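Observations on the model geometry
Residue strings, one per chain:
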Amino acid sequence: MVPIILLPLLLLIFSHLSATNACYEAEREILLSFKSHLLDPSNRLSSWQGQNCCSWHGIRCSDSLHVTTLDLRNPNPESFIINRNSELVSTSDSNFTAITGTIPPSLFSLTHISYLDLSFNNFTFSKIPTGLANLTSLTYLNLSNAMFSGSLTTQFSNLTSLRVLDLSCSFPVIDYSTISYNVSSSVTFRAGSFYTHIYMGSLSSSNLNWLQKFNNLRFLILNGVNLSEAPLSPISNLWNLRMLQLSNCQISGRIPIKQLLNLTRLSYLSMGFNFLRTQIPLELANLTSLSVIDLWRSSLQGSFPYLPQLKELNLGNNSDLIINLHNMFAFPWPQLEVIDISSTQVNGTIPPSIGNITSLREFAAFDCSIQGQVPTPMMHLSHLEFLMLGGNTLNGRLSPSISNLKSLQLLYLLENSFEGSIPDTICIISSLKYIDLADNSFTGNLPDCISQLPNLCYFLIGFNKMSGTIPSLAYFVQNPTLEMIDLGFSGLTVNVDKHPFSSNFQPQALLLDSCNLGGEIPIFISNLTQLTFLSLSNNSLSGRIPSWLLKLPNLGYLDLSLNNLHGALPLNIKLKSCFFRLTTLPLENNQLQGPIPSSLENVDAVDLSRNNFTGHIPTQLGCQNIKYLSLSANKLSGDIPSSFCDANNQLMLLDLSNNCLRGTVPTNLGNCTSLIFLNLGGNNLIGQIPKELEGAKNLNYLDISGNLFDGSFPSVLHKLQRLMVLNLGSNRFEGSIPRYIGDLQDLRILVLEFNSFNGSIPKDITKLEKLQIIGFSNNQLSGPIPEKLSGLKKLTTQTMDGSLLCFIISDIYAGVEVKMVIKEFLQHLKVVHTYTNGIDLSCNNLTGSLPSELGLLRGLYMLNLSHNQIFGDIPTSISSMSTLESLDLSFNSLSGEIPTTLTLLDFLTTLSLSYNNLSGKIPTGPHFDTLSRDGLAYTGNKFLCGAPDAVITCDSKSSSGDPETTNLKDSGQQQVLFYAAVITGYGVGTAGFFLILQLMNETWTQGYWTAIDRIALRIIRCSKMVQYIKDYVHRE
């Protein structure tokens, strides 16, 4: 038992021990003051109470109980992506954990702190406190991405003990807005740069002199700090540096090799996302410790030197950088593990010597124009985990030896030209998680074993040429790890049998387009509660769209187009937002009926075209934030709602064509500042185009053809300087074509046919360098064809670029369509390439001779000048129009001989020179002779020997007199007989008239009826064409 006299002593001892195990009271008070300046939504600082601050979250103390560590780094920083609409979207599932507030000056009284991390919090763009200079014991300082702002100057000048300094204020995120489309012959996508930096603060430094005393610094990370004005020379003093990260610092000019060569211990160099515009210096090979180079998206040029010390090489997205893989792999790379040369210029094959890089784990070379086959030695890289070769022109078969890639997790071969069957041996690679073989030319059936790969999450095989059948989709998708399945347009037939689907099958994306599905929409889909993307287009699905389908909780993309679905849609449709793409509802080309849904909540793009919808367009539809709306080719009536394009609209495409709409064009459409594509053609709209439409300054496509608009050429069009396609055809416009048409410099297609425009064709039209289609037929235009045709640059050269002329809005393809008379038939071109072109001036009153500059239009495909009053010779320069396939000069007054040089037009397939005053002989040639074996191309030229109705023969000298003299002689005879016929006919009537005709010579009679035929044929042909097009539009 302790004597009572000792109790006070023991209490004093215990009190002292308790005090020595707690932090200093002054430091505790400083920390509590710091806490009072912060908002802590996730209660990370809930432990900051009590006496012993050394036990608080993020706090560590020394043996002497001084606070030495303050680590409040956000453990779950918010993650982001940039979606297809260029919007920054959070992808975080966890609660917001960033601390928000300011730093009180008292915090810098904790002079014993050696470790300070406040990264990924939010200090509300406050300046970095100058009090940091008091923390001279700091060896680790991380203030990255914590929403600081201001200039970096003297705040760190005393921190000479620092080994790690991270002041970054930006970091890379996946950028889906950089996805672009290659529209050469079909629509494919290009992934762009994949990454973009976003800023989490705003820091800058006009010089780096404050670094000069940091001799102990090992890691310097300044990503996102604006160093555009800062010389990099002070970096050379950091001779202990191991890592230097200066990405996205707005650095321009050369790589600072002189300064870098002093950093002999440097192992990691990152200067991506800058504007270096220089070659990679050879001297980097002298940095023998350098193992990682990251120069992604830095505008590099030239070639790449041999750096044998490297482990990781990231040069992707430098489009001017030339990579010769044969030269690169001619030397040993004993340590190389990662290569990223995506979106650079490789332009060659992959050499077999790549098989010598046995340490390789990642090889990314997509969008590099790589050709040839994948070399067999590459299939022996047993450590390879990621193989990304998409977007090239690789061909050949996928080697069965792919099974040797035992560590492979990602196989990305999208958009190549691989052929043959997919080898069964691919199933041996149990580590595979991602397989993308889409958009190739694979054939044969799909190996059954693929679905049994234990770790497979993504399987994409769409757009191939395969055959065979997946006998049971339920069996194929037994693997619970599958998140995305794309069998669309693969060529495979998919059977949805009655075999039950596993409840564990919960994919996020399912694509079964063109898989020969029949019957009703499969019921198993109703259980896919995680499904965000469903595409069942181009099948034979029938029945109604089930109500449960539009109630799937996560569905954001639903494509049921090109089926046989019928019935009405619910009046209210709601989709779930998807963090990386727009919500989309393509239901076109079905047999859906009833009213248009009045509420499309959270739907960015909807296509209900080519169905049987009836009624009016709901007024509410115009008030919703739809970006793409197509209601074309239905049976809609009534006015266009004036609610379209309210103040907050985002409408980019509006297609209401081929309905029964009436009334005028609403003035509110001028509020559509984002509108790119507007098609109101094929309705019963009246009036004029409102001047308010000039507010839609981004308009590229305007089609109001096939309506009842009247008045003069719409003056508002002069304000729409970005127009590429303008179609005013089949209306009631009149007056002259204004000269300002030449100011619309982006015009590619200009159609004014079937109106009542008069006057001459303005010369200013020849200023339109991009113009490829001119459709002025069936008007009342007069005067000569403009000269100086060389200004039509697009038509003067043969275009090798075969890109589609189209718009891709909200990830939906909207192609340009045009109707043209080609080869004497009206053709509806549903696909227009950049090389599709033509000039149609037929059925007007044009006069004058053919311009000699026609021969400069060497890229022209179709020329139709028929049914005018053009005279003179056919210029020999036409033979220079080497790509011409269709030439119609019929029903004019052309004279002289047919140039023999026309026989040089090897691509010509349709020719009509009928009903002119041509003479001489028809030229001959192996190809030219096939154009009109029956001679109809030359009918109506009576002095053209070889024409079916010629009055001369090619071997008759007496009949081959000068047609002009013969015409004069006949004309005199005709005139006398004509007056006699009139006088006589006046008394004896019709019988006498026909008697006189019988007395006339054969030449006069033939000339008379030829003239009558020409007039009749002109009227009939042009009027029939009007009716034909009206009927055609009605059928469409």
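Computed from a predicted structure; not experimentally measured. (Residues numbered from 1 in each chain as written. Predicted model: local features only at pLDDT ≥ 70, side-chain atom pairs only at ≥ 80, totals over all residues. Heavy atoms only, no water.)

A look at the overall build of the protein
Note the following rule: Each helix is a run of DSSP H or I of at least 4 residues and each strand a run of E of at least 2, with the numbering of both proceeding from the N terminus. The rule is simple: take the accessible area with a 1.4 Å probe, protein chains only, and divide by the maximum for that residue type; under 20% is buried, over 50% is exposed, in between is partly exposed. A contact between two residues is defined here by any heavy atoms of the two lying within 4.5 Å. Throughout, the Shrake-Rupley method with a 1.4 Å probe supplies accessible areas, and for residues the shown protein chains are the sole cover considered.
Across its full length, the protein holds 9 helices and 73 strands. Per-residue burial for the protein yields a buried fraction of 54% across its 1036 residues. Look at the contacts in the protein between residues 6 or more apart in sequence, and 56% of them connect residues 24 or more apart. Total accessible area on the protein stands at roughly 44200 Å², and carbon and sulfur atoms take up 52% of it.

Comments concerning the state of the cysteines
To keep things clear, this is the line we draw: The definition used for a disulfide is geometric: two cysteine sulfur atoms within 2.5 Å.
Counted by the stated rule, this structure contains 4 disulfides. A disulfide bridge connects Cys54 with Cys61, and the sulfur atoms are separated by 2.0 Å. Judged by the torsion about the S-S bond (-100°), the Cys54/Cys61 disulfide is left-handed. Owing to a relative accessible area of 22%, Cys61 belongs among the partly exposed residues under this scheme. Residue Cys249 stays outside any disulfide, its sulfur separated by 7.9 Å from that of Cys169, the closest cysteine. Of the residues examined, Cys249 reaches a relative accessible area of 0% and is grouped as buried.

Considering the side chain of Thr583
For the record, the criterion: Whenever two N or O atoms come within 3.5 Å, that pair is a polar contact, provided that in protein one can donate a hydrogen and the other can accept it, and provided that, for residues adjacent in sequence, both atoms are side-chain atoms.
With respect to the helices and strands, Thr583 occurs in the loop between β41 (572-574) and β42 (584-586). One polar contact links the side chain of Thr583 to the main-chain amide nitrogen of Asp604, over a distance of 2.9 Å. With near-sequence residues (within four places) excluded, Thr583 lies in contact with Gly556, Leu575, Lys576, Ser577, Cys578, Asn602, Val603, Asp604 and Ala605.

Digging into the sheet that holds strand β5 (residues 88-90)
Applicable threshold: For two strands to count as paired, DSSP must find a minimum of two bridges between them. All axes here are fitted lines through C-alpha atoms, helices being fitted over the stretch that makes contact, and every angle between N-to-C directions spans 0 to 180 degrees.
Reading across from one edge, β5-β4-β12-β15 is the order of the 4 strands in this open sheet, with mixed pairing throughout. Each end of this open sheet is capped by a strand with a single partner; those strands are β5 and β15 (195-199). Each strand axis lies, on average, 45° off the axis of its neighbour in the sheet, ignoring direction. Across 5 bridges, strand β12 (residues 170-175) lies against β15 in antiparallel orientation.

A closer look at helix α2 (residues 25-36)
Applied cut-off: Each residue after the first adds 1.5 Å to the expected span of a helix. An arc is given here, and it is the one of the directions from the helix axis to the C-beta atoms.
For α2, with 12 residues, the first-to-last C-alpha span of 16 Å sits near the 16 Å given by 1.5 Å per residue. Here α2 has its buried residues at Glu27, Arg28, Ile30, Leu31 and Phe34. Mapping the buried residues of α2 onto a view down its axis gives an arc of 160°, with all of them on the same face. Structural note: α2 exposes Ala26 and Ser36 on the side pointing more than 90 degrees away from its buried face. On its buried face, α2 is in contact with β1 (38-39), β2 (59-61) and β3 (67-71).

Focus: the packing of aromatic side chains
Aromatic ring pairs are reported here in terms of the distance separating the ring centres and the angle at which the planes meet. Note the threshold: Two aromatic rings, drawn from Phe, Tyr or Trp (for Trp, its six-membered ring), form a pair once their centres lie within 6.5 Å of each other, and the interplanar angle then sorts them: stacked below 30 degrees, edge-to-face above 60, tilted otherwise.
For the structure on display, the rule yields 23 aromatic pairs. With centroids separated by 5.9 Å and ring planes inclined at 55°, the aromatic side chains of Phe120 and Phe171 adopt a geometry described as tilted. With Phe120 in the loop between β7 (115-117) and β8 (126-127) and Phe171 in strand β12, the pair connects residues that are 51 residues apart, well separated along the chain. As far as burial versus exposure is concerned, Phe120 and Phe171 are alike and both buried. Summarising the aromatic geometry, the rings of Phe463 and Phe489 are spaced 4.9 Å apart at their centres and angled 25° between planes, so their arrangement reads as stacked. Taken together, the positions of Phe463 in the loop between β31 (458-460) and β32 (469-470) and Phe489 in the loop between β33 (484-486) and β34 (493-494) put the pair 26 residues apart, joining distant regions of the chain. Among the residues examined, Phe489 registers a relative accessible area of 28% and is labelled partly exposed.

Some remarks on the sheet that holds strand β30 (residues 441-442)
Strand order in the open sheet formed by 4 strands is β24-β26-β28-β30, and the pairing between neighbours is parallel. With one partner strand each, in any of the chains shown, β24 (371-372) and β30 form the two edges of the open sheet. Of the pairings in the sheet, the one linking β24 to strand β26 (residues 393-397) comprises 2 bridges and is parallel in character. Among the inter-strand pairings, Gln371 is bridged to a residue of β26, identified as Thr393.

Describing the pairing of β26
In β26, alternate side chains face the same way, and those of Leu394 and Gly396 are buried while those of Thr393, Asn395 and Arg397 on the opposite face are not. Relative to strand β28 (residues 417-420), β26 is paired through 3 bridges, and the arrangement is parallel. Counted as the bridge partner of Arg397 is Glu419 from β28.

So, the pairing of strand β52 (residues 684-687)
Relative to β52, strand β50 (residues 660-663) runs parallel, the two sharing 2 bridges. Bridge pairing links Gly663 to Leu685 in β52. For β52 and strand β54 (residues 708-711), the ladder comprises 2 bridges, and the chain directions are parallel. Among the inter-strand pairings, Ile686 is bridged to a residue of β54, identified as Leu708.

Considering the pattern of salt bridges
Quick reminder of the rule: Any Lys or Arg side-chain nitrogen located within 4 Å of an Asp or Glu carboxyl oxygen qualifies as a salt bridge.
For the structure shown, the criterion picks out 10 salt bridges. In this structure, the salt-bridge partner of Arg28 is Glu29, at a minimum N-O distance of 3.2 Å. Given a relative accessible area of 9%, Arg28 falls into the buried group. Taking relative accessible area as the criterion, Glu29 reaches 40% and is therefore assigned partly exposed. Here Glu337 makes a salt bridge to Arg361, at a shortest N to O gap of 3.1 Å. One end of the pair, Glu337, is in the loop between α4 (325-328) and β22 (338-340); the other, Arg361, is in the loop between β22 and β23 (362-364), and 24 residues separate them in sequence. Given the relative accessible area of 25%, Glu337 is considered partly exposed. What makes Arg361 partly exposed here is its relative accessible area of 23%. Overlapping salt bridges, with partners in common, bring together Glu25, Arg28 and Glu29 in one network.

Interpretation in functional terms is not warranted from these geometric data alone.
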